Amino acid sequence: RHQLAAVASVGRPEVVARTVDADGTTKYLVRLGDGQTVECVWLPYREWSSVCLSTQVGCPMACAFCATGRGGFARNLSAGEIVAQFLLARAHAPCPVTHAVFMGMGEPLLNTSAVLQALHLLNSECGIGARNLTLSTVGIVPGIQRLAREKLQINLALSLHAPDDETRARFMPV
C-alpha cells in the first residue's frame, strides 16, 4: 500500500472550491492524490453540456496572456486523473454531459500519451462520441503529428492569438 500510494493517485479528486456563474457554468478546483490542484469546468449549452479538462498541473508554455503559465509547471496528469475530472463534473451536472474539451490547465500535446489514453477512455468507457471531443493546442507539431497517426475523429483547435508568426512569438513561446 505504501509503494502504491507513492506512485499512484487512486480515486476521484477532492473538490476544494466550487464557483457557479450566473449562466450555470461551474468551475471546480480539485485536489489530486499528491496534493496538487487543477481546475475543471462544467459548461452548459442550450442543446448539450461539456466539461473542460486540465492535462497538466500548471503549464510550461508560459504564454503571456495565461495565468496558468505564470504559475509555472509541476507535472503531467495521468489519464486517470484527466478522466476523473470528467467523472467528477458529470456526477454534479444537472443534465447529461455529451462533450469534453481539453482546454483547461496545461498544454495537452506535451502530455500526449496520457491525453490519448484519456480520449480513448472518454469515448469507449464514458460514452462521449469522438466528434464531441475537442483538443486545444498552441501548436506542438510532434504532438499534432502523433495525433494524426491515431486517426481519431476528434476536433482539433489551434490557439493562434495573432495574425502573423512574429506577433504570435511575442505572446506564445512555441
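These numbers come from a predicted model, not from an experiment.

The next point concerns the nonpolar core. Counting 40 residues, the largest nonpolar core has Leu53, Ile82, Phe86, Phe102, Leu119, Leu122 and Leu135 as the members making the most contacts within it. Among the elements of the structure, strand E2 (26-31), strand E3 (37-44), helix H3 (79-92), strand E7 (99-102), helix H4 (112-124) and strand E8 (133-137) are those that each provide at least two residues to this core. Beyond its immediate stretch of four places on either side in the chain, Phe102 contacts Leu53, Thr55, Ile82, Pro108, Val115, Ala118, Leu119, Leu122, Thr134, Leu135 and Ser136.

Across a regular strand the side chains alternate sides, sitting on one face of the sheet and then on the other. In this sheet, strand E9 (residues 155-158) lies alongside E8 in parallel orientation, the contact comprising 4 bridges. Counted as the bridge partner of Thr137 is Leu158 from E9.

Before going further, it helps to spend a moment on the pattern of salt bridges. The full count for this structure, using the stated rule, is 3 salt bridges. Of the charged contacts, one joins Arg31 and Glu14 as a salt bridge, the two residues approaching to 3.0 Å between their closest N and O atoms. Taken together, the residues Arg31 in strand E2 and Glu14 in strand E1 (residues 14-20) connect sequence positions 17 residues apart. A salt bridge links Arg75 to Asp34; its shortest N-O distance comes to 2.6 Å. With Arg75 in strand E6 (residues 73-76) and Asp34 in the loop between E2 and E3, the pair connects residues that are 41 residues apart, well separated along the chain. The structure contains a network of salt bridges with shared partners spanning Asp34, Arg75 and Glu81.

Conventions we followed
- Residues numbered from 1 in each chain as written.
- Predicted model: local features only at pLDDT ≥ 70, side-chain atom pairs only at ≥ 80, totals over all residues.
- Heavy atoms only, no water.
- Core = buried A, V, L, I, M, F, W, Y, C linked by side-chain atoms within 4.5 Å.
- Buried < 20%, exposed > 50% of the residue type's maximum accessible area, 1.4 Å probe, protein only.
- Helix = DSSP H or I, 4+ residues; strand = E, 2+ residues; numbered from the N terminus.
- Contact = heavy atoms within 4.5 Å.
- Pairing = 2+ DSSP bridges.
- Salt bridge = Lys/Arg side-chain N within 4 Å of Asp/Glu carboxyl O.

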